[in-house]
Amino acid sequence: YQDDIAKIRGSEAAKILGVKRDFLTNWLHANSWAYRLNGSWVAYQQHINNGRLQYKEAKYTDDNTGQEVHKPYFHILPKGLTKLAEAFASGRKAA
C-alpha cells in the first residue's frame, strides 16, 4: 500500500485532493513546489529534501536523433499529499 501511494502523479493526486489537475499544477508552481525546465515539471530541492516530492527521470530514445533522452518529473509522496490536503482544506499556502 505504501509503495502505491509513493507513486502518485499529478492527475492521481488531483483526484485524491478533489481538484483539477491544472489547478494542482498551477498551485505547485505558484507556491514554489515545482518549476518548468525545458518543458518538464521539476520539483524544488527543498520539497525533495523534506520528503514531500520525489525526483524521477524518464529515459527514452528520441525517434529523430536516436539519442537517449533523460526527462525529469516528480511524484508526490504521502507527506506532500498530506500537506497539500491541509493547505487546500484551510485555503492557505503550504510552506
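These figures come from a predicted structure and were not determined experimentally.

1. Points about the overall build of the protein
Moving on, step 1. If you tally the helices and strands in the protein, you get five helices and four strands.
Moving on, step 2. Taken from N to C terminus, the helices and strands of the protein fall in the order α-α-α-β-β-α-β-β-α.
Moving on, step 3. Across the 95 residues of the protein, 28% fall into the buried class.
Moving on, step 4. Contacts in the protein between residues at least 24 apart in sequence constitute 47% of all its contacts with a sequence separation of at least 6.
Moving on, step 5. For the protein, the accessible area works out to roughly 6300 Å², and carbon and sulfur atoms hold 47% of it.

2. Considering the packing of aromatic side chains
Moving on, step 1. Per the stated rule, a full pass over the model turns up four aromatic pairs.
Moving on, step 2. On the numbers, 5.8 Å between centres and 70° between planes, the contact of Trp 27 with Trp 33 is edge-to-face.
Moving on, step 3. We classify Trp 27 as buried; its relative accessible area is 11%.

3. Digging into the pattern of salt bridges
Moving on, step 1. Evaluation of the coordinates by the stated rule reveals one salt bridge.
Moving on, step 2. Ionic pairing is found between Asp 22 and Arg 21, a salt bridge with its closest N-O pair at 3.9 Å.

4. Points about helix H5 (residues 78–90)
Moving on, step 1. Between the first and last C-alpha of H5 there are 18 Å, a value that for 13 residues agrees with the 18 Å anticipated at 1.5 Å per step.
Moving on, step 2. Buried within H5 are the following residues: Gly 80, Leu 81, Leu 84 and Ala 87. Down the axis of H5, the buried side of the element spans an arc of 130°, and every buried residue falls inside it. Exposed residues on H5 whose side chains face more than 90 degrees from its buried face are Lys 79 and Ala 89.
Moving on, step 3. Packing partners of the buried residues in H5 comprise helix H2 (10–17), helix H3 (21–30) and strand S4 (68–76).
Moving on, step 4. Two residues or fewer past H5, Gly 91 is found with a positive phi of approximately 70°.

5. Quick look at the pairing of strand S1 (residues 34–37)
The side chains of a regular strand alternate between both faces of the sheet.
Moving on, step 1. Two strands pair when backbone bridges link them, and S1 and strand S2 (residues 40–43) are joined in this way by four bridges, in the antiparallel orientation. Looking at S2, one finds that Tyr 35 is bridged to Val 42.
Moving on, step 2. Counting the residues in the hairpin turn of S1 and S2 gives two residues, including Asn 38, whose phi is positive at 50°.

6. Observations concerning the side chain of Asn 31
Moving on, step 1. Tracing the chain through its elements places Asn 31 in the loop between H3 and S1.
Moving on, step 2. Among the polar contacts listed, one links the side chain of Asn 31 to the backbone oxygen of Trp 27, at a separation of 2.9 Å.

What counts, and where the lines are drawn
- Here, residues in each chain are numbered from 1, in the same order as that chain's written sequence.
- In view of the model being predicted, local features appear only for residues whose pLDDT reaches at least 70, and side-chain atom pairs are presented and counted only at 80 or more, with totals across whole chains, interfaces and linings using the full set of residues.
- The side-chain numbers reported here are obtained from all heavy atoms of the structure, hydrogens and water having been left aside.
- A run of DSSP states H or I qualifies as a helix once it reaches four residues; a run of E qualifies as a strand once it reaches two. Both are numbered from the N-terminal end.
- Buried residues are those whose accessible area, probed at 1.4 Å on protein chains only, stays under 20% of the maximum for their type, while exposed residues exceed 50% and partly exposed ones sit between those limits.
- In this description, contact between two residues means that some pair of their heavy atoms is separated by no more than 4.5 Å.
- The Shrake-Rupley method, run with a 1.4 Å probe sphere, supplies the accessible areas, and residue values consider only the shown protein chains as cover.
- Stacked, tilted and edge-to-face are the three classes assigned to paired rings of Phe, Tyr and Trp, where Trp is represented by its six-membered ring and a pair needs centres within 6.5 Å; plane angles under 30 degrees give stacked, over 60 edge-to-face, the rest tilted.
- The term salt bridge refers to a pairing of a side-chain nitrogen on Lys or Arg with a carboxyl oxygen on Asp or Glu at a separation within 4 Å.
- In this analysis, the expected span of each helix is defined as 1.5 Å times one less than the number of residues it contains.
- The directions from the helix axis to the C-beta atoms form the arc being described.
- Strands are labelled as partners when DSSP assigns at least two bridges between them.
- Polar contact is defined as a pair of N or O atoms within 3.5 Å, subject to the rule that within protein one atom must be able to donate a hydrogen and the other to accept it, and that residues adjacent in sequence are counted only when both atoms are side-chain atoms.

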